[in-house]
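# An overview of the molecular structure
Listed here are the chains, written in short residue letters.
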Amino acid sequence: MQEHESAILHCTGEAVFINDMPVSENLLIGHVIYSKHAHAKILEIDFSDAVKLKGVHSILSYKEIPGINQMGPIIHDELCMVENEVTSIGQAILLIAADSKEIAIEAEKLIEIKYEPLEAILSIESAIEKYNLLAPKRKIERGNLQKGFEDSAHIIEGTLKTGAQEHWYLETQICLCIPGEGNEIKAYSSTQHPSETQAIIAEVLGISSKDVEVEVKRIGGAFGGKETEANHIAAWCALLCNATKRPVKIHLFRDDDQIITGKRHRFLSKYKVGFNDEGIINAYSVELNSDAGSATDLSMAILERAMLHADNSYFIPNIKIIGRAYKTNMPSNVAMRGFGGPQAIAVIETAIDKIARYLKMDSAEIRYKNFYKIENNNISPYGQCIENNRLFILFDKLIKSSDYIKRREEINEFNKSNEFYKKGMAITPVKFGISFTTSFLNQAGALVNIYKDGTVLVNHGGTEMGQGLNTKILKITSKELGIKLVKIKVNATNTSKIPNTSATAASSGSDLNGMAVKNAIETIKSRLSEFVVDEFRKKYEGICSKKHNIKFENNFVYDIKIPERKISFNELISNAYLNQISLSSTGYYKTPNIGFDREKGQGKPFHYFAYGMAVSEVIVDTLTGYNKILRTDILHDAGDTLNKGIDKGQVIGGFIQGTGWVTTEDIKWDSDGHLLNHSPDTYKIPTIQDIPEDFRIELLEGYPNENTIRKSKAVGEPPLMLAFSVWLAIKDAISAVGNHEFEPDFSLPATNEVILLSIEKIRKLQKEPA
Amino acid sequence: MAILNLSINKKKYSVDVDPSTPLLWVIRDTIGLKGTKFGCGEGFCGCCTVHINGEAAFSCSTAVKDAVNKEITTLEGMQEKPLRKIIDAWLEQEVSQCGYCQPGQIMSAASLLLKNPKPTDDQIETAMTGNLCRCGTYTRIKKAIHKVIAEGGIK
């Protein structure tokens, strides 16, 4: 067991989050005045009284931005501060720096903003009706769809709505900026993407990146919500810091955080599936329509990942995937764990679930029959070969270990003998592509310093947000250098140490940064091996040691052919220093052989796939819609795990976060686009009472990955999609109300209300004469 | 503003603050104990949990004046055995991920175990349901609490 490197600090209260950092008396508190209208012209802003309030040091509008008024990450279509028109609620209009939050709030009350409301697009349905596309549609296709449907004995069509999801990191968005000499500024930001935060601060301040230093020690949860959103808070904080030349901190209140920041994209998807009597899919057409919100942000990349996961784990010979992102007047939606994958997988899993009910077969059987095969039928719609397919191994093991067949019979018996409680069960797979689909982002840097006392400081470009990246980096360093963990420390992520990093996202943190660290260590080891060979030559007679035979292990460095030739790591380091050997190196890594042609919708976007499977059993109270997960069995593929405790923690956590999205996390807006549930009293994420009563999680063992750091696999996002087993188990229980003779109405999240309405409809259908 | 006398982790403090100030701000900003976190400010997430006379309380929604002349315990006051056993169980069960909610989780668990040395699963869930964790560490929290119970509790 190697626990999380910060575990002791977390549990004693010594772990320093940004809000815990010691600050000078000089600190000012930043406060954001944001738009209260979804779409409106700004007629007048009057802050003349507010600025006179004692304790208010600065009030800024877009006019005071010294650089460019822009904070969009890739497409530069998102203003840092509103100019004459607001296009969603939550956009920054003014920034206040004051002695305290209380004074800033008092100042806000003295500000008058006059709006002229304009027509707003607040739902994906109205965006589709107006065809308000964000960017041209995307397409991936294979085979002959029309013929595919003609050749299919059965066709099912449908529409599926999947809801938004709030990230609900426990540490709300925060940034602390400290002015330096001249143009210099240092930002402590809770960001998943320090280099982009650096670039955007530089842009808005009209300075260059060399003068902006961004540091991230640890993040109190992110889940994609701090991949681009953190840039906004940092940019606002930097503007106030620059204007006042004093340290400024912005730490959003929970309600403001939920109102201002984007969510997981809502999707409205249409699908048509053609299949034969056996349930084998011959043709599938899907239109994925997403609500991008008011700006591009990462919406196109999210849509792309959705399209690349429309197949989930299934081989479909004739397929057409259309993706459209629509611009609306909602806060710009952003990355969230799964990054579009969950929204598309929900659709194909729904189609399969319907096929099963239509053919009166078990959905497990339909899934199994349609899995990608090993030897043939193993090419994805976008042309990537599905190598190292783990689907059959996972399925066979899980069906057995979960006792699926016996429990299915027991559930059928239970449902026959219980009128008001119904049970349901489902097995669902996930196949998740690992790599940024924007290929150039698949790069990382590291800087490893060995000090004269033999201790090691590792810098890398990834951010630690609870996922255990730094713990994994420690292990990689320990294994590569053959020294104990206590001699190694991972430094806070800092843009002055590692430049031009990619976001810690796409589950790729340890894949990319782990390799970069390894490469840095290889460089130092090469120098040390050369040196030690020379030392051995001076010390020992006979044949010379060879550089490639030098091994670093158990705090010693030795010749594997002549093991008595050895030196302690510490002694070697000390001698190497005295002999002018450099003990520091950068490392760099880029994922090999990947690329994706967006125009053609073809290529090899992913380095590999991570797989997982889950069986969940639920019970539903058909009079209230109340439901409970009775048991979940998960078998997940993390390759040769870098840390079993951490990887299982990710599987559990991802699954639980997924169950929230598919059950209780229902985001509501009023008819003017105001978020109605902007605090935990009305927005319900899973609590300790919502976890499965019986929860069995295993990692697939004995299946190492190829060509990755220590044969491991990424594990951050894929388990979230295992929550579809819960979602479809609930649907199975609803279906049992009508003896599986009627297709239940269903959407995501399946709140108690959705469940109850669906059950009522089935009961009505049952009463209708045939 | 008023001078208020507080006892935190058995140490006496005299603070000059507005009596309606949330206890959380006084603990964090006036006294400087940073282990207790701000999560929602509304008493719904549990990050700010402390003990007031042994009872778990949300310090973000407790006015400092209501904690005067009472014994306040924060995570920093949990470092000695037997209370420390909770932290040790947390480490052994590898509970923490991002770590931000864990101070509150530990304080709620401690309050439960002080009152009820052998809680059932249902009692654990009821006592801990006010402490949210978005990393989803709940299964391990339950295991850690059971571990403390198995080792004789914290009394």
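These figures come from a predicted structure and were not determined experimentally. (Residues numbered from 1 in each chain as written. Chains lettered and ligands numbered in written order. Predicted model: local features only at pLDDT ≥ 70, side-chain atom pairs only at ≥ 80, totals over all residues. Heavy atoms only, no water.)

## Quick look at the overall build of chain A
A tally of regular secondary structure across chain A gives 18 helices and 29 strands. Relative to its length of 770 residues, chain A is compact, with a C-alpha radius of gyration of 28 Å against a globular reference of 27 Å. Based on the C-alpha atoms only, the size of chain A along its principal axes is roughly 95 × 80 × 50 Å. Looking at chain A as a whole, 64% of its 770 residues are labelled buried. Taking contacts inside chain A between residues at least 6 apart in sequence as the whole, the part at least 24 apart equals 80%. Put simply, chain A shows about 28400 Å² of open surface, and 50% of that area lies on carbon and sulfur atoms. In chain A, 89 positive and 99 negative side-chain charges are present, and the distance between their average locations comes to 5 Å. (Helix = DSSP H or I, 4+ residues; strand = E, 2+ residues; numbered from the N terminus. Rg over C-alpha atoms; globule rule 2.2 N^0.38 Å. Buried < 20%, exposed > 50% of the residue type's maximum accessible area, 1.4 Å probe, protein only. Contact = heavy atoms within 4.5 Å. Areas by Shrake-Rupley, 256 points an atom, 1.4 Å probe, with all protein chains shown as cover. Lys, Arg positive; Asp, Glu negative; His and termini not counted. Charge placed at Lys NZ, Arg CZ, Asp CG, Glu CD.)

## Focus on the domain arrangement of chain A
Residues and elements named next belong to chain A. On domain assignment, one finds that chain A holds domain 1 (7-119 + 167-260), domain 2 (267-437 + 598-767) and domain 3 (443-590). Here the C-alpha centre of domain 3 lies 38 Å away from the C-alpha centre of domain 1. Taken residue by residue, the interface counts 18 residues in domain 1 and 17 residues in domain 3. At the boundary of domain 1 with domain 3, total buried surface from both sides reaches about 1300 Å², with 49% on carbon and sulfur atoms. Three residues stand out in domain 1 for area buried against domain 3, namely Gln-192, Ser-195 and Lys-217, and they jointly supply 33% of the buried area on that side. (Domains from an automatic or database assignment. Buried area = accessible area lost by both parts, 1.4 Å probe.)

## Examining the nonpolar core
Looking at soluble globular proteins, one finds that nonpolar side chains tend to be buried together. Grouped together as the largest cluster of nonpolar side chains are 190 residues, with contacts concentrated most on Trp-236, Tyr-284 and Trp-727 of chain A together with Trp-90 of chain B. At 10 residues, helix 9 (residues 341-359) of chain A tops the list of elements feeding residues into this core. Filtering out sequence-adjacent residues up to four positions away, Trp-236 of chain A remains in contact with Val-32, Met-71, Cys-80, Met-81, Ala-92, Leu-95, Ile-250 and Ile-260 of chain A. Of all hydrophobic cores here, the second largest spans 42 residues; its members include Ala-506, Val-533, Val-557 and Ala-576 of chain A. (Core = buried A, V, L, I, M, F, W, Y, C linked by side-chain atoms within 4.5 Å.)

## A closer look at the state of the cysteines
All names here are of chain B. Going through the model one piece at a time under the given rule, you end up with zero disulfides over all chains. For the unlinked cysteine Cys-48, the closest cysteine sulfur is that of Cys-60, found at 3.7 Å. A relative accessible area of 2% means that Cys-48 is categorised as buried. As a non-bridged cysteine, Cys-133 has Cys-101 as the owner of its nearest cysteine sulfur, 3.8 Å distant. You can call Cys-133 buried: its relative accessible area is 3%. (Disulfide = S-S within 2.5 Å.)

## Some details on the packing of aromatic side chains
Residues and elements named next belong to chain A. Under the defined criterion, the tally for this structure stands at 19 aromatic pairs over all chains. Their ring planes at 80° and their centres at 6.1 Å tell us that Tyr-382 and Phe-606 sit as a pair that is edge-to-face. Note that Tyr-382 is positioned in the loop between helix 10 (363-370) and helix 11 (391-401) and Phe-606 in the loop between strand 26 (602-604) and strand 27 (608-621), a separation of 224 residues in sequence. A single burial state applies to Tyr-382 and to Phe-606, both of which are buried. A connected cluster of aromatic rings, assembled from ring pairs, spans Tyr-314, Tyr-368, Phe-371, Phe-392 and Phe-395. Seen from the ring of Trp-669, Arg-266 lies directly overhead, with NZ or CZ sitting 4.5 Å from the centre. (Phe/Tyr/Trp six-rings, centres within 6.5 Å; stacked < 30°, edge-to-face > 60°. Lys NZ or Arg CZ within 6 Å of the ring centre and 35° of its normal.)

## Description of the environment of Arg-324 of chain A
Residue and element names in this part refer to chain A. With respect to the helices and strands, Arg-324 occurs in strand 15 (residues 318-327). Given the relative accessible area of 13%, Arg-324 is considered buried. Excluding residues within four positions of it along the chain, Arg-324 makes contact with Tyr-131, Leu-133, Lys-137, Glu-287, Leu-288, Asn-289, Ser-290 and Leu-303. A distance of 3.3 Å separates the side chain of Arg-324 from the side chain of Tyr-131, its partner in a polar contact. (Polar contact = N/O pair within 3.5 Å; in protein donor to acceptor, adjacent residues only side chain to side chain.)

## Remarks on the pairing of strand 9 (residues 174-179) of chain A
All names here are of chain A. Sheet topology note: the strand 9/strand 12 (residues 248-251) ladder contains four bridges and is antiparallel. Looking at the pairing, Ile-174 lines up with His-251 of strand 12. Taken together, the five bridges between strand 9 and strand 10 (residues 185-189) define a ladder with antiparallel strand orientation. Note that in strand 10 the partner of Ile-178 across the bridge is Lys-186. (Pairing = 2+ DSSP bridges.)

## Remarks on the sheet that holds strand 14 (residues 281-293) of chain A
All names here are of chain A. In space, the five strands of this open sheet follow the order 7-15-14-13-8, with mixed pairing throughout. Taken across any chain shown, the strands that pair with only one partner, and hence form the sheet edges, are strand 7 (138-142) and strand 8 (154-162). Strand-to-strand twist across the sheet, computed as the mean angle between neighbouring axes with direction ignored, equals 10°. Pairing of strand 14 with strand 15 involves 10 bridges; the strand directions are parallel. Pairing of Tyr-284 across the sheet is with Ile-319, part of strand 15. (Axes fitted to C-alpha atoms, helices over the stretch in contact; angles between N-to-C directions.)

## Some details on the interface of chain B and chain A
Between chain B and chain A, the residue contacts involve 41 residues of the former and 56 residues of the latter. Regarding the contact of chain B and chain A, the summed buried area is about 3900 Å², with carbon and sulfur atoms giving 61% of it. Contact with chain A buries area across many residues of chain B, yet Tyr-100, Arg-134 and Tyr-138 of chain B alone supply 21% of it, more than any other trio. Applying the counting rule to chain B against chain A returns three salt bridges. Measuring nitrogen to oxygen at the nearest pair gives 2.7 Å for the salt bridge that ties Arg-134 of chain B to Glu-665 of chain A. The interface formed by chain B and chain A includes 18 residue pairs in polar contact (both at pLDDT 80 or more). Listing elements by their share of the side of chain B that touches chain A, those giving two or more residues are helix 2 (84-92), helix 3 (102-115), helix 4 (121-128) and helix 5 (138-150) of chain B. In terms of residue class, the side of chain B that touches chain A is made up of 20 nonpolar, 10 polar and 11 charged. (Salt bridge = Lys/Arg side-chain N within 4 Å of Asp/Glu carboxyl O. Nonpolar A, V, L, I, M, F, W, Y, C, P; charged D, E, K, R; others polar.)

## Re the layout of surface pockets
Of the volumes computed, that of the largest pocket is approximately 1400 Å³. Taken together, 40 residues line the largest pocket, and the ones lying closest to its centre are Ser-100, Lys-101 and Glu-102 of chain A together with Trp-25 and Asp-29 of chain B. At the level of elements, strand 1 (28-34), helix 2 (101-109), strand 12 and helix 7 (254-260) of chain A together with helix 1 (23-31) of chain B are the ones that each hand at least two residues to the lining of the largest pocket. Among the residues making up the lining of the largest pocket, the classes are represented as 18 nonpolar, 10 polar and 12 charged. (1 Å grid on protein atoms, 1.4 Å probe; cavity = no way out; pocket = protein on both sides within 12 Å on 5 of 7 lines; lining within 4 Å. Points joined across faces, edges and corners; volume = space filled by probe spheres on them.)

## Remarks on the confidence of the model for chain B
Per-residue confidence for chain B gives a mean pLDDT of 96, with 100% of residues at or over 70. When pLDDT is averaged over each element of chain B, strand 3 (residues 49-52) of chain B comes out on top at 98 and helix 2 of chain B at the bottom at 96. (pLDDT = per-residue confidence, 0-100.)

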